[in-house]
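Analysis of the macromolecular model
Residue strings, one per chain:
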Amino acid sequence: MWAAAGIIHPLCPVPMILIPHSSTPKPSLCFLINKPPPFRLRRRPPPERKFRAPAAKKQKQLPELNTPNQEDGELTSLQEKGHTRNDLGWLPAFPHVLIASSSNFLFGYHIGVMNGPIVSIARELGFEGNSFIEGLVVSIFIAGAFIGSLSCGSLVDKFGCRRTFQVDTIPLILGAIVSAQAHSLDEMLFGRFLVGLGIGVNTVLVPIYISEVAPTKYRGSLGTICQIGTCLGIIASLFLGIPSENDPHW
């Protein structure tokens with residue numbers, strides 16, 4: 001009996017054999033023996049990489065992130081208006097620009113200083129009526145300025161702007177003294193030529209110095225002072241030449 005029962009009820013499950021039709025797919029062997037499917041390894045997705053934005057892009061993104069509201073915008077606009085009204089960024093460089101522009105004042109002064117007293121000077125030095133020598137006394141100043149402007153670049157490269165200003169005062173002082181104490185035509189021509197050398201160097205040197213000293217925001221405004229100095233020098237020389245018509249020794 002126990003043998004028959006063992007045959008009828010087997011100890012281990014016997015797999016069922018199915019014959020599928022041609023239209024149905026064949027079942028897997030794991031399904032037939034009631035075993036779970038094998039473990040499948042799943043590939044993990046690659047971790048997300050966080051790329052760092054360059055500094056230029058960050059700077060562009062900052063104003064977009066920190067967008068103020070309307071009240072903050074009005075406050076900043078008022079602050080900017082007050083800042084522009086009280087902006088004194090030009091003040092530290094203004095004394096340096098003003099002193100450098102005095103060279104252009106001398107340039108304008110020596111241009112017009114000979115227009116008034118040239119008749120009295122010609123009478124005193126003995127070349128009255130000679131238009132060629134009268135023109136030479138006036139124009140030799142420009143000839144010296146031409147030579148001085150050509151040599152200014154090499155002097156600035158060798159000594160610098162401030163040292164060139166200091167060296168350039170020597171022909172200006174000597175030329176003014178020789179011209180004022182001239183007792184002959186040669187002394188007058190030599191004095192005017194020395195003054196022209198100094199003025200020619202300053203004509204090139206002053207704009208270079210102002211462009212280096214002045215802030216970028218105010219470079220154009222401060223650069224006009226040298227031209228204003230030239231015009232003021234011409235006006236001053238013409239006003240000083242008015243008494244020479246009545247006093248030949250003025």
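The structure presented is a predicted model; accordingly, all values stated were derived computationally and were not measured. (Residues numbered from 1 in each chain as written. Predicted model: local features only at pLDDT ≥ 70, side-chain atom pairs only at ≥ 80, totals over all residues. Heavy atoms only, no water.)

**Some thoughts on the overall build of the chain**
A count of helical and extended segments in the chain gives ten helices and zero strands. Walking the chain from its N terminus toward its C terminus, one meets helices and strands in the order α-α-α-α-α-α-α-α-α-α. Taken over 250 residues, the chain has a buried fraction of 26%. Look at the contacts in the chain between residues 6 or more apart in sequence, and 74% of them connect residues 24 or more apart. (Helix = DSSP H or I, 4+ residues; strand = E, 2+ residues; numbered from the N terminus. Buried < 20%, exposed > 50% of the residue type's maximum accessible area, 1.4 Å probe, protein only. Contact = heavy atoms within 4.5 Å.)

**Looking at the pattern of salt bridges**
For the structure on display, the rule yields one salt bridge. The shortest N-O distance in the salt bridge between Glu 128 and Arg 123 comes to 3.7 Å. We classify Arg 123 as partly exposed; its relative accessible area is 46%. (Salt bridge = Lys/Arg side-chain N within 4 Å of Asp/Glu carboxyl O.)

**What to know about the confidence of the model for the chain**
If pLDDT is low for a region, its predicted coordinates should not be looked at in detail. Across the chain, the average pLDDT comes to 76, with 64% of residues at 70 or higher. Scored below 50 in pLDDT, residues 17-22 makes four contacts in the model with residues more than four places away or belonging to other chains. (pLDDT = per-residue confidence, 0-100.)

**Considerations on the packing of aromatic side chains**
Applying the stated criterion across every chain, the model contains three aromatic pairs. A ring pair is formed by Trp 90 and Phe 94, whose centres lie 5.7 Å apart and whose planes are at 85 degrees; its orientation type is edge-to-face. Owing to a relative accessible area of 28%, Phe 94 belongs among the partly exposed residues under this scheme. Here Phe 165 and Tyr 209 contribute two aromatic rings whose centre-to-centre distance is 5.4 Å and whose plane-to-plane angle is 85 degrees, an arrangement assigned as edge-to-face. Separated by 44 residues along the polypeptide, Phe 165 in helix α8 (residues 161-180) and Tyr 209 in helix α9 (residues 185-213) bring together distant segments of the chain. A single burial state applies to Phe 165 and to Tyr 209, both of which are buried. (Phe/Tyr/Trp six-rings, centres within 6.5 Å; stacked < 30°, edge-to-face > 60°.)

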